Amino acid sequence: MQRRHFFQNSALVTTGALVGCATPGIAETQVKTPFPVAATFIPIVGSTELFPVRRIYCIGRNYAAHAREMGSDPTREPPFFFQKPTDSIQYVPKGTVADHKYPSLTKNYHYEAELVAAIGLGGRNIPIDKALSHVYGYTLGLDMTRRDLQRAMGDQKKPWEIGKSFDQSAPIGAIHPLAQTGHFTQGAIWLKVNGQTKQSANLNQMIWSVAEQISKLSEAFELFPGDIIYAGTPENVGPVVVGDVIEMHIDGLPELSVKIV
Ligand code: MN
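Just so it is clear, the structure is predicted and the values come from calculations on it, not from any experiment.

### Some thoughts on the side chain of Lys 84
And then number 1: By secondary structure assignment, the location of Lys 84 is in strand E6 (residues 81-84).
And then number 2: Lys 84 gets classed as buried once you look at its relative accessible area, which sits at 3%.
And then number 3: A distance of 2.8 Å separates the side chain of Lys 84 from the side chain of Asp 143, its partner in a polar contact.
And then number 4: Excluding its chain neighbours within four sequence positions, the residues that come into contact with Lys 84 are Ile 56, Cys 58, Asp 143, Met 144, Lys 164, Ser 165, Ser 169 and Ala 170.

### A short note on the pairing of strand E8 (residues 97-100)
And then number 1: Only one face of E8 is covered, namely the face carrying Ala 98 and His 100; the face carrying Val 97 and Asp 99 is uncovered.
And then number 2: Where E8 meets strand E20 (residues 256-260), four bridges bridge the pair, whose relative direction is parallel. Across the sheet, Val 97 pairs through a bridge with Ser 257, a residue of E20.

### Here's the deal with the packing of aromatic side chains
And then number 1: Throughout the structure, instances matching the rule amount to seven aromatic pairs.
And then number 2: On the basis of an interplanar angle of 65° and a centroid distance of 5.2 Å, the ring pair of Tyr 102 and Tyr 109 is categorised as edge-to-face.
And then number 3: What makes Tyr 109 buried here is its relative accessible area of 0%.
And then number 4: Through pairs of rings, three or more aromatic residues link up here, namely Phe 80, Phe 82 and Trp 160.
And then number 5: Taking the ring centre of Phe 166 as reference, the NZ or CZ of Lys 84 above it sits at 5.8 Å.
And then number 6: Sitting above the plane of the Phe 166 ring, Arg 146 keeps its charged end 4.4 Å from the centroid.

Procedures and definitions
Every chain begins its residue count from 1, and numbering advances along the sequence as written. Under the rules for a predicted model, residues below a pLDDT of 70 receive no local features and side-chain atom pairs below 80 are neither given nor counted, while totals for whole chains, interfaces and linings still include all residues. Side-chain metrics in this entry use all non-hydrogen atoms of the structure; hydrogen atoms and water are not considered. Runs of H or I in DSSP of at least four residues are treated as helices and runs of E of at least two as strands, each being numbered from the N terminus. Note on classification: 1.4 Å probe, protein chains only; a residue is buried when its accessible area is under 20% of the maximum for its type, exposed when over 50%, partly exposed between these limits. Under this definition, polar contacts are N or O atom pairs within 3.5 Å; protein pairs additionally need one hydrogen-donor-capable and one acceptor-capable atom, and for neighbouring residues in sequence, both atoms have to be side-chain atoms. Note on contacts: a residue pair is in contact if any heavy atoms of the two residues lie within 4.5 Å. When DSSP finds at least two bridges between two strands, those strands are taken to pair. Planes of paired rings set the category: under 30 degrees apart is stacked, over 60 is edge-to-face and the rest tilted, where pairs are Phe, Tyr or Trp rings (Trp by its six-membered ring) whose centres lie within 6.5 Å. Working rule: Lys NZ or Arg CZ, within 6 Å of ring centre, within 35 degrees of ring normal, means a charge sits over the ring.

So this is what it looks like as structure tokens:
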């Protein structure tokens, strides 16, 4: 019989924080299950504790030039969010080039370089001026996208999941606690493929700031510690093929690299 220790490594998650959790079963420190159950954790820089990932939220079209390249008008569109499954995380250690498997079904596999905010304090209807106090830390990640499937489903007014929410679609670096980095309101964000710059922008070009994203999200969903938010990608998304090496950067964070295999 498998015994799993959920959240035991996280000082963030107290008994109090779990009261009212939609899945009370995971509040148990030890549960018996008929087969091994995977939980998703991301290392925290400078700590032996792990960040327990609860949900992955992603904002769409959050840089004006990217919204335009996706065929929408950034001036008239309120923010919208989608989710990836928690186990779509692919942790990429600093200084490594992780193998990232080219997924099934697609012929147009795209990178999207993004800042990621990690939530340490939950809440509902969080006001914008309090929102950043809910951030535990930051990292960077790739919102990998089967663009052909995403577009095909969008054209048919069907859900996006197959284009966005597939296995390993969320490569991510270690979480940097806020005390190490401060908040990210500006700074370079870029992505290279095989050493050639593809995306290059500044975080201050985000249409909706991290604070605004947290506030808006918390109107639709109660946020909990362990939620992470992919904060959107700049313009010039594009395809990769097997053999390509993606390298992405945000000022103040170590670079993240994957090789498509
Ligand atoms: Mn994205």
